[in-house]
Amino acid sequence: MACLSNLSISVSRPNTTTISQSPHPNRPISVSITTTSQSERFNPCCSSSRSLHSDPQHPLGRKFISRRLITVRSSAAMEVVPLKIMISGAPASGKGTQCEFIKSKYGLVHIAAGDLLRAEIASGSENGKRAKEYMEKGELVPDEIVVMMVKDRLIQKDVQENGWLLDGYPRSVSQATALEELHIRPDLFILLDVSEEILVERVVGRRLDPVTGKIYHLKYSPPENEEIAARLTQRFDDTEEKVKLRLVTYHKNLESVLSIYNDVIVKVDGSLPKEEVFERIDAILSALRQKKLKTDSTSSFATGVAH
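- For the protein, the name recorded in an unreviewed UniProt entry is adenylate kinase, with Acorus calamus as its organism.
- Entered under Catalytic activity (unreviewed entry) in the UniProt record, the comment concerning the protein runs "AMP + ATP = 2 ADP".
- What UniProt records for the protein under Subcellular location (unreviewed entry) is the sentence "Plastid, Chloroplast".

As structure tokens, this is what we get:
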């Protein structure tokens, strides 16, 4: 029986069905079709599910049984391709924005080492306790502790099912080597490439509204009125001198990291408008997903023939 792929189905009135494609190609979509208060869960791809009588006039080739609530799950649930993505970018490269776009479109679990560290400490985990000891002494948390935090997060069920997006990590060759030794390797390493001139301009022009917490930029996203403009503040390290020092450190560490992932690196021009940047990333990830899906299908077919 043919499966529904990436479809959402809705009924606005009796006997009227609307079909639209899911915006999330890597995530299953559940849609309810309601005709009465009764309900029944139905999987169109499962032979053990209740069969629907054939109706060639129906757009789905099936006649929905009257007086039923049928929940149709997209067969995308059977075609989830858990991508493994690392993304890196200098301060003000737009990495955070692109992570949000990627997470929204592909359903990947977003993992940032800093957030992970704070969460582990708050939870009181063994790794969190060890990290807290170093932080209370004003020392850097050793790579081995952070790497184990990342490893433990990557083996959790939601990550295994949906794939992962590792944000700004690893930052050094020692961290990258530690991940390699644990057999943690990405399908793709996305590098947002932005010139130093543009990065400095983006950082120096940033301003914070202390009342709302909103971030503005004097050139690209100016405040709405003079009242807001008058109360804007600048972070102490958002100066040209300090950002250039941060960029020196970033590039020094980046070169060694790139040597580890040289065969899976894709550079994307991060100086473009954010929508255009994501269009390029989206095309790359879509092609990767299709390639992995095809590979998985071929492997499954070969296994079936062998048996």
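Observations concerning the environment of S93
Then, number 1: When you line up the elements, S93 lands in the loop between β6 (83-89) and α1 (95-106).
Then, number 2: In this view, S93 contacts L192, V194, L199, R202 and G270; residues no more than four positions away in its chain are not counted.
Then, number 3: At 2.8 Å, the side chain of S93 and the backbone oxygen of A90 are in polar contact.

Section: helix α3 (residues 126-136)
Owing to its 3.6 residues per turn, the α-helix aligns residues three or four sequence positions apart on the same side.
Then, number 1: Every buried residue belonging to α3 is among N127, G128 and A131, and all of these are buried. On an axial view of α3, the arc spanned by its buried residues comes to 95°, and they lie on one face. In this structure, α3 carries E126 and E136 as exposed residues pointing more than 90 degrees from its buried face.
Then, number 2: At the C-terminal side of α3, G138 shows a positive phi close to 80°.

Quick notes on the sheet that holds strand β12 (residues 265-269)
Then, number 1: The strand order across the open sheet built from 5 strands is β7-β8-β6-β9-β12, with neighbouring strands paired in parallel fashion. Two strands bound the open sheet, and with one partner strand each, they are β7 (109-112) and β12. Strand-to-strand, the axes of this sheet are offset by a mean angle of 25°, without reference to chain direction.
Then, number 2: Contacting β7 and β8 (163-167), helix α2 (residues 113-123) runs over the sheet at an angle of about 85° to β7.

Some details on the side chain of D282
Then, number 1: With respect to the helices, strands and loops of the structure, D282 is situated in helix α10 (residues 274-306).
Then, number 2: Judged by relative accessible area, D282 falls into the buried class, the value being 18%.
Then, number 3: Aside from chain neighbours lying at most four places away, what touches D282 is K105 and Y106.

Section: the pairing of β8
Then, number 1: Within β8, 5 of the 5 residues are buried, which leaves it mostly tucked inside the rest of the structure.
Then, number 2: The two faces of β8 match: G163, L165 and D167 on one face and W164 and L166 on the other face are all buried.
Then, number 3: As judged from the 5 bridges shared by β6 and β8, these two strands associate in the parallel manner. Along β8, the bridge assignment pairs I87 with D167.
Then, number 4: With 4 bridges connecting them, β7 and β8 associate as parallel partners. Across the sheet, residue I111 finds its bridge partner in β8, namely L166.

Comments concerning the environment of Y134
Then, number 1: Within the secondary structure, Y134 sits in helix α3.
Then, number 2: Among the residues examined, Y134 registers a relative accessible area of 27% and is labelled partly exposed.
Then, number 3: Apart from residues no more than four positions distant in its own chain, Y134 is found in contact with E139, L140, V141, P142 and I145.

Topic: the pattern of salt bridges
Then, number 1: Taken as a whole, this structure holds 19 salt bridges when the rule is applied.
Then, number 2: Of the charged contacts, one joins K292 and D187 as a salt bridge, the two residues approaching to 3.1 Å between their closest N and O atoms. With K292 in helix α10 and D187 in the loop between α6 (173-181) and β9 (188-193), this residue pair connects regions lying 105 residues apart in the sequence.
Then, number 3: In this structure, K219 engages E201 in a salt bridge whose closest nitrogen and oxygen atoms are separated by 3.0 Å. Pair noted here: K219 is in the loop between β11 (215-217) and α8 (226-231) and E201 is in helix α7 (residues 196-204), with a separation of 18 residues, a long-range link.
Then, number 4: A residue is classified by how much of its surface remains accessible, and K219, at 55% relative accessible area, is exposed.
Then, number 5: Judged by relative accessible area, which is 30%, E201 ranks as partly exposed.
Then, number 6: When salt bridges that share partners are traced, they join R206, R235, D237, D238 and R246 into one network.

Quick look at the packing of α2 against α3
Then, number 1: Remark: α2 packs on α3, axes separated minimally by 7 Å, with the N-to-C direction vectors making an angle of 105°. As the angle between them shows, α2 and α3 are arranged roughly perpendicular. Side by side, α2 and α3 meet where L117, E120 and I121 of the first sit next to N127, G128, A131, K132 and M135 of the second.
Then, number 2: Considering only residue class, the contact of α2 with α3 consists of 4 nonpolar, 2 polar and 2 charged.

Cut-off values and rules
Residues numbered from 1 in each chain as written. Predicted model: local features only at pLDDT ≥ 70, side-chain atom pairs only at ≥ 80, totals over all residues. Heavy atoms only, no water. UniProt positions renumbered as here; feature names shortened; annotations may be inferred. Helix = DSSP H or I, 4+ residues; strand = E, 2+ residues; numbered from the N terminus. Contact = heavy atoms within 4.5 Å. Polar contact = N/O pair within 3.5 Å; in protein donor to acceptor, adjacent residues only side chain to side chain. Buried < 20%, exposed > 50% of the residue type's maximum accessible area, 1.4 Å probe, protein only. Arc of directions from axis to C-beta. Pairing = 2+ DSSP bridges. Axes fitted to C-alpha atoms, helices over the stretch in contact; angles between N-to-C directions. Salt bridge = Lys/Arg side-chain N within 4 Å of Asp/Glu carboxyl O. Parallel < 35°, antiparallel > 145°, perpendicular 65-115°, else oblique. Nonpolar A, V, L, I, M, F, W, Y, C, P; charged D, E, K, R; others polar.

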